[in-house]
Amino acid sequence: AAGVIQSPRHLIKEKRETATLKCYPIPRHDTVYWYQQGPGQDPQFLISFYEKMQSDKGSIPDRFSAQQFSDYHSELNMSSLELGDSALYFCASSLGQGTDEKLFFGSGTQLSVL
Amino acid sequence: SQQGEEDPQALSIQEGENATMNCSYKTSINNLQWYRQNSGRGLVHLILIRSNEREKHSGRLRVTLDTSKKSSSLLITASRAADTASYFCATIGSGGYQKVTFGIGTKLQVIP
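Residues numbered from 1 in each chain as written. Chains lettered and ligands numbered in written order. Predicted model: local features only at pLDDT ≥ 70, side-chain atom pairs only at ≥ 80, totals over all residues. Heavy atoms only, no water.

**Q** Hey, could you run me through the overall build of chain A in this one?
**A** A count of helical and extended segments in chain A gives zero helices and 11 strands. Scaling as 2.2 N^0.38, a compact globule of 114 residues should have a C-alpha radius of gyration of about 13 Å, and chain A matches this with 13 Å. By principal-axis analysis of the C-alpha atoms, chain A measures approximately 40 × 25 × 25 Å. By residue count, 46% of the 114 residues in chain A fall in the buried class. Within chain A, residue pairs in contact and separated by at least 24 positions form 53% of the contacts whose partners lie at least 6 positions apart. Accessible area for chain A stands at about 5,400 Å²; split by element, carbon and sulfur atoms hold 49% of it. Side-chain charges in chain A split into 10 positive and 13 negative, and the spacing between the mean points of these groups amounts to 5 Å. (Helix = DSSP H or I, 4+ residues; strand = E, 2+ residues; numbered from the N terminus. Rg over C-alpha atoms; globule rule 2.2 N^0.38 Å. Buried < 20%, exposed > 50% of the residue type's maximum accessible area, 1.4 Å probe, protein only. Contact = heavy atoms within 4.5 Å. Areas by Shrake-Rupley, 256 points an atom, 1.4 Å probe, with all protein chains shown as cover. Lys, Arg positive; Asp, Glu negative; His and termini not counted. Charge placed at Lys NZ, Arg CZ, Asp CG, Glu CD.)

Dropping the structure here:
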């Protein structure tokens, strides 16, 4: 079965550069979530989209923006990168926004800011 | 405030033993979910327990939920080396749809 696809798998950037992370949800899933996980840390919720509209916002810096496109894939755009942005970024998808929905996670994008 | 704080944060046991991980949360919830994460990989959903349920089983997994104490436990019976991973509880708040919030996680090591 198709899973959540994230690209790229690894990304190395310099400080102050920009980065774009992509997420392709499971087919028919209409909700996408973005999480940031630092080394040894729990996943921190950044932002979510339902039916191409932002549905919730967490601890996402103003330097970051995201959107969900008509084909339901999502992109996380990160500008003015800082060393502290180095982390594993996960995308997850679910079908609908019901409170019993379980999340399906991608393998993540490992971002290293040098 | 931190939702879903796991206890202990690290656990090392011998293969065949049972592993118990606990999770506490602060606000009212609709359900609580447990996820597993192998090092550097995505999280995998294990089990969901609704706020009106007290216990749930799935294979070697047993989850309990005590809403009066705002706590949950995950028991893995007859552990295997392949169970070595980090385990997170995640909560979805009550009062309509809300984001899934993860706790710090318990790092389980099962020694062969």
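**Q** I keep staring at the pattern of salt bridges and nothing clicks. Help me out?
**A** Between side chains of opposite charge, a pair can form as their charged atoms come close. All names here are of chain A. Under the defined criterion, the tally for this structure stands at seven salt bridges over all chains. The shortest N-O distance in the salt bridge between Glu51 and Lys52 comes to 4.0 Å. A relative accessible area of 31% places Glu51 in the partly exposed class. Sharing partners across several salt bridges, the network here consists of Arg63, Glu82 and Asp85. (Salt bridge = Lys/Arg side-chain N within 4 Å of Asp/Glu carboxyl O.)

**Q** Is there a simple way to explain the interface of chain A and chain B in this structure?
**A** Accessible area lost during the coming together of the parts is what is often quoted as the interface size. Tallying the contact residues gives 23 residues for chain A and 23 residues for chain B. The interface formed by chain A and chain B contains zero salt bridges. Where chain A meets chain B, there are three residue pairs in polar contact (both at pLDDT 80 or more). Looking at the side of chain A that touches chain B, the elements that each hand over two or more residues are β4 (31–37), β5 (44–50), β6 (53–57) and β9 (87–94) of chain A. Among the elements that take part in the side of chain A that touches chain B, β4 of chain A stands out by supplying four residues, more than any other. Of the residues assigned to the side of chain A that touches chain B, the class counts are eight nonpolar, nine polar and six charged. (Polar contact = N/O pair within 3.5 Å; in protein donor to acceptor, adjacent residues only side chain to side chain. Nonpolar A, V, L, I, M, F, W, Y, C, P; charged D, E, K, R; others polar.)

**Q** Mind showing me how you'd approach the sheet that holds strand β8 (residues 74–78) of chain A here?
**A** Two modes of strand pairing occur in sheets, parallel and antiparallel, and in both the strands are linked by backbone hydrogen bonds. Residues and elements named next belong to chain A. Read across the sheet, four strands follow the order β1-β3-β8-β7 without closing on themselves; strand pairing throughout is antiparallel. Either end of the sheet is taken by a strand with one partner, and the two such strands are β1 (5–7) and β7 (64–68). Each strand of the sheet is rotated relative to its neighbour by a mean of 15°, with strand direction disregarded. (Pairing = 2+ DSSP bridges. Axes fitted to C-alpha atoms, helices over the stretch in contact; angles between N-to-C directions.)

**Q** Even after reading the chapter, I still don't get the side chain of Ser94 of chain A, so can you show me in this structure?
**A** Residue and element names in this part refer to chain A. Structurally, the position occupied by Ser94 is in strand β9. Residue Ser94 is classed as buried on the basis of its relative accessible area of 0%. Each residue touching Ser94, except ones within four places of it in the same chain, is listed here: His29, Asp30, Thr31, Tyr33, Glu101 and Lys102.

**Q** Looking at this structure, I do not really get the state of the cysteines. What am I missing?
**A** Covalent bonding between the sulfur atoms of two cysteines defines a disulfide. Residues and elements named next belong to chain B. Summed over all chains, the structure comprises two disulfides over all chains. The partner cysteine of Cys23 in its disulfide is Cys89, sulfur to sulfur 1.9 Å. Taking the sign of the S-S torsion, 60° for the link of Cys23 and Cys89, the bridge is right-handed. In this pair, Cys23 sits in strand β3 (residues 19–24) while Cys89 sits in strand β9 (residues 85–93), placing the two residues 66 residues apart along the sequence. There is no split in this pair, since Cys23 and Cys89 are both buried. (Disulfide = S-S within 2.5 Å.)

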